[in-house]
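Letter by letter, the chains look like this.
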Amino acid sequence: MPAAIYLDYNATTPVDQRVLEQMLPYFTQHYGNASSSGHMFGWAASAAVEQARQEVAACLGVARPSEISFTSGSTEGINAAIKGIAEACVHKGRHIVTVQTEHSAVRMSCQHLQQQGFRVTYLPVCSQGLVDLESLEASLTDDTILVSVMWANNETGVVQPIDKISNLVRSRNILFMTDATQAVGKLPVSVENVDVLVCSGHKIYGPKGVGALYMRERVRRHPLIDGGGQERGHRSGTLNVPGIVGMGEALRLARLECDQDHARLESLRDDLESTLECAIPGLRINSRKAERLPQTSNITFPCVDAERLLLAIRTLAVSTGSACASRTSTPSSVLAAMGLSAAEARRTLRISLGRPTTAHEIDAAKTTIVRAMHELGAVVA
């Protein structure tokens, strides 16, 4: 059997060897608790955490590293931000605005707040997956306390016009939050025009189980997790020092290598898409006309259900959508919001490339997919 080819980097990435090497000493040599302030083991751990905080700040353009808290990942950061801000700002208003194509962590956090009496507006998107700016502006009221818009979509790769959205929102003195989990490390990302930002280590060749939450100093929120008061009281719990060190190194590398990764992966993606379009009549690249992440293809195939196609291309590790929703049989809410039918959504695959992806792997993937479509009778020679 041919070797498996991993093309699901939007779900998770391997830990970069350079990241692993930075992490290893904090498992066995420098294993102190960062909160142990009375001895050198704790000092070493605390210093490593602060160095990582500096690296995260440098990558995200954060002037005050103290505005960054470490979390277990983006899902925790999203929950902490949305629920914490809502609780702290309830005296100002009870209205939140987000988008129909957001990650489930955002949508379900908002649904939780709706059960607590908050009002949530879920903005529509156009057929390319972009936020309708007129709908956004019309949705803002004196009762609106937070707007949350994903920087880049995890399924389609669509990049939202963050600066334009920010101008509309922040000019009304409303807090603006972005889930930048998929954008960080793949695009230049800065907190200049946002009040809250979340990202996660395992999407950028760092370890799983660690993330970062940026919150501008003026933002007030109640903590999601109570306890020992770590992270200046924002997030209690013993710090995951090896993971935090790994995330810091992953973001340092991302800052240095983002541009070259972008150009190479965009070229490979475009080659993959153009070959498949020529070889498979009726194939559609979703969000083709929008700005996208350089390594993400969301493809609707003609005639063949995606689950059936996956069985025919089993040497390729690709997905039918968000990894967080892969165990459900419900068609993608992202694609539905873009106007695709349930049948079209079920014929759609996400192919996402990464730093280790080679041209040889893309050539093999093209051959495998085209051959499978012929064998399944979806393409007539």
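Just so it is clear, the model here is predicted, and its values are computed rather than measured.

Caption draft 1: Region of the structure containing a nonpolar patch on the surface. A surface patch of nonpolar side chains, amounting to about 330 Å² of accessible area, comprises Val15, Leu20, Leu24 and Phe27. Locating valine 15 in the fold gives a position in the loop between strand E1 (5-6) and helix H1 (17-23).

Caption draft 2: Looking closely at the pairing of strand E4 (residues 119-123). Across 5 bridges, the pairing between strand E3 (residues 95-99) and E4 is parallel. In the sheet register, valine 97 faces E4, and the bridge partner there is threonine 121. Note on the crossover from E3 through helix H5 (residues 104-115) to E4: the handedness is right-handed.

Caption draft 3: Representation of the nonpolar core within the structure. Judged by nonpolar contacts, the single largest core of 60 residues is most densely connected at Leu60, Val147, Trp151 and Leu197. It is helix H3 (residues 40-60) that contributes the most residues to this core, 8 residues altogether. Excluding anything up to four places from it in sequence, valine 147 contacts Val97, Leu136, Leu140, Val169, Ile174, Leu175, Phe176 and Met177. The next biggest cluster of nonpolar side chains, apart from the first, holds 29 residues, and it includes Ile285, Ala306, Leu349 and Val379.

Caption draft 4: Inspection of the sheet that holds strand E10 (residues 296-300) at higher detail. Overall, antiparallel pairing links the 3 strands, which are arranged E9-E10-E12 in an open sheet. Each of the sheet's edge strands pairs with one partner strand only, and the pair in question is strand E9 (284-285) and strand E12 (348-352). Bridging between E10 and E12 involves 5 bridges; their strand directions are antiparallel. Counted as the bridge partner of asparagine 298 is arginine 350 from E12. Each of E9, E10 and E12 is contacted by helix H8 (residues 241-279), which is oriented at about 15° to E10, the strand it contacts most.

Caption draft 5: Geometry of the environment of alanine 80. With respect to the helices and strands, alanine 80 occurs in helix H4 (residues 74-88). Along the backbone, alanine 80 and arginine 221 are 141 residues apart, and their C-alpha atoms lie at a distance of 8.3 Å. Once residues within four sequence positions are removed from consideration, alanine 80 is found in contact with Ile85, Leu213, Arg221, His222 and Leu224.

Caption draft 6: How the structure looks around the packing of H4 against H5. Here H4 crosses H5 at 30°, and the two axes come no closer than 9 Å. For the element pair H4 / H5, the angle class is roughly parallel. Regarding H4 and H5, the two cross each other, and that crossing is right-handed. The residues of H5 that touch H4, namely those facing Thr75, Ile78, Asn79, Ile82, Lys83 and Ala86, are Ala105, Val106, Ser109, Cys110, His112 and Leu113. Split into classes, the residues belonging to the contact of H4 with H5 amount to 7 nonpolar, 4 polar and 1 charged.

Criteria and cut-off values
- Position numbers for residues start from 1 in each chain and track the written sequence from start to end.
- Given that the model is predicted, a residue must reach a pLDDT of at least 70 before its local features are reported, and side-chain atom pairs must reach 80 or more before they are shown or counted; all residues, however, enter totals for whole chains, interfaces and linings.
- By convention in this description, side-chain values take in all heavy atoms of the structure and omit both hydrogens and water.
- Here a patch means residues that are over 30% exposed by relative accessible area and free of salt bridges, tied together within 9 Å if like-charged and within 5 Å if nonpolar (Val, Leu, Ile, Met, Phe, Trp, Tyr).
- Here the open area of atoms and residues is found with the Shrake-Rupley method and a 1.4 Å probe, where only the protein chains shown may cover a residue.
- Salt bridges are defined as contacts in which a side-chain nitrogen from Lys or Arg sits within 4 Å of a carboxyl oxygen from Asp or Glu.
- Runs of E in the DSSP output that reach at least two residues are strands. Runs of H or I that reach at least four are helices, and both are numbered from the N terminus.
- Strand pairing is assigned whenever DSSP detects at least two bridges linking the two strands.
- Seen with its strands pointing away from the viewer, a crossover is right-handed if its path from the first strand over the helix to the second goes clockwise.
- Here the nonpolar core consists of buried residues drawn from Ala, Val, Leu, Ile, Met, Phe, Trp, Tyr and Cys, with membership extended through side-chain atoms lying within 4.5 Å.
- With a 1.4 Å probe rolled over the protein chains alone, any residue whose accessible area is under 20% of its type maximum counts as buried; one over 50% counts as exposed, and the rest are partly exposed.
- Pairs of residues are marked as contacts when any of their non-hydrogen atoms sit within 4.5 Å.
- Convention adopted: a line fitted to C-alpha atoms gives each axis, helices being fitted over their contacting stretch, and angles between N-to-C directions are expressed from 0 to 180 degrees.
- By definition in this entry, angles of less than 35 degrees are roughly parallel, angles greater than 145 are roughly antiparallel, angles of 65 to 115 are roughly perpendicular, and the rest are oblique.
- Crossings are assigned a handedness: left-handed for a near helix turned anticlockwise from the far helix by less than a right angle, right-handed for a clockwise turn.
- Any residue outside Ala, Val, Leu, Ile, Met, Phe, Trp, Tyr, Cys, Pro, Asp, Glu, Lys and Arg is labelled polar, Gly included; the first ten of those are nonpolar and the last four are charged.

Bear in mind that shape data such as this cannot, by itself, settle questions of function.
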